[in-house]
Amino acid sequence: MTREIQKNIALEREDHSGKLFGNYDEYAKIINEKFQTKMLLRNGEIVLLGEESKVSKAEAMLYEMIRVLENQGDLTTQRVKYIADLFAEGNGNEAKSLMDGTVLINAAGKPIKPKTLGQKQYLGNIEENDLTFGIGPAGTGKTYLAVVMAAKAFKNEEVKRIILVRPAVEAGESLGFLPGDLKDKVDPYLRPLYDSLFDVMGVDKFQRLQEREIIEVAPLAYMRGRTLDNAFIILDEAQNTTIPQMKMFLTRIGYGSKAVVTGDVTQIDLPRGQVSGLNHAVGILKDIEGIGFSHLTYRDVVRHPLVQNIINAYEQNSQKKTD
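Residues numbered from 1 in each chain as written. Predicted model: local features only at pLDDT ≥ 70, side-chain atom pairs only at ≥ 80, totals over all residues. Heavy atoms only, no water.

Student: An account of the sheet that holds strand β1 (residues 4-10) is needed here, citing residue identities and associated values.
Tutor: Across the sheet, three strands lie side by side as β1-β3-β2; this open sheet has antiparallel pairing. Every other strand in the sheet has two partners, leaving β1 and β2 (38-42) as the edge strands with one partner each. With strand direction ignored, the average angle separating the axes of adjacent strands in the sheet is 20 degrees. In this sheet, strand β3 (residues 45-51) lies alongside β1 in antiparallel orientation, the contact comprising seven bridges. Looking at the pairing, A10 lines up with E45 of β3. Helix-sheet contacts for helix α3 (residues 52-72) involve β1, β2 and β3, and the interaxial angle to β3 is about 150 degrees. (Pairing = 2+ DSSP bridges. Helix = DSSP H or I, 4+ residues; strand = E, 2+ residues; numbered from the N terminus. Axes fitted to C-alpha atoms, helices over the stretch in contact; angles between N-to-C directions. Contact = heavy atoms within 4.5 Å.)

Following this line, the structure appears as structure tokens:
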């Protein structure tokens, strides 16, 4: 027979009560639904009512939410749902570990930390391996976190250059119709890389380093015939490489270099029937020591909560078709 209990949680700061409940009690509803508890605010304390084991998990989650507030100043619906899932699954310690250790401070002075366990494992793979594949849907931070690790390696003088490349496969023949020289034509396809660098380093520092050719952002075709020593190299949108292009890129890696290959295998823009170089590489390189693989999922999405639901719906639809 389950035992019903009441747990009172005293709050050190008055403003925490509103932030813990969320707008229109949204966070309280998430907690109550996940743990089958009743969460109330009474005399400046949060009161939890429900089965003992579930109240204990909800209580532990609330203390973690307070810790997030104290460290980051705010909560999001997505973050609360993710923390709730972890505590409900008995992974509360892993949730707590996400707050430990700042990877880097961005240009705005804010600490950059992994937001999900998948992101944490991805960062660990980049740290430990000379070549890492980060594979997952849009919004999981694949490119951004790779740029963060590149900036960190450069700051720590582990590499002398940062090189970011992307296949311009989406451009095709339409490149000729775009205005400007070749740089102007391919820049739109490299925009996500610029955006990540601007956030991490700041526009001024990025431009100074780019002028000194310490940072290079270029189409994949520019890598042919080169050997890239003492560099942190990122290949983004790798699902749109062909097998020869992927082989060409991977064989550019020189001494003292580290490479990260990112891609989303559900968004391949190659002509029908052409095999993705990313899919092929994962298949033949998976057992080679020194290469790390991180497979991020919809649970690692850190964009608008709708993005997570959309990706999950598409994944479920694909599984139905396969079955």
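Student: Hey, could you go over the packing of aromatic side chains for me, with residue numbers and the actual values?
Tutor: Inspection of every chain in the model, using the stated rule, returns four aromatic pairs. Taking the centre distance of 5.1 Å and the plane angle of 10 degrees together, the rings of F133 and F293 count as stacked. With F133 in strand β6 (residues 131-135) and F293 in strand β11 (residues 291-295), this pair connects stretches of sequence that are 160 residues apart. Per residue, the accessibility class of F133 equals that of F293, and both read buried. Ring centres of Y194 and F206 lie 5.7 Å apart, and the angle between their planes is 80 degrees; this geometry places the pair in the edge-to-face category. A residue pair is termed long-range when its members are at least 10 positions apart, and Y194 in helix α8 (residues 182-201) and F206 in helix α9 (residues 203-211) qualify at twelve residues. Taken individually, Y194 and F206 each receive the classification buried, so the pair is uniform in this respect. (Phe/Tyr/Trp six-rings, centres within 6.5 Å; stacked < 30°, edge-to-face > 60°. Buried < 20%, exposed > 50% of the residue type's maximum accessible area, 1.4 Å probe, protein only.)

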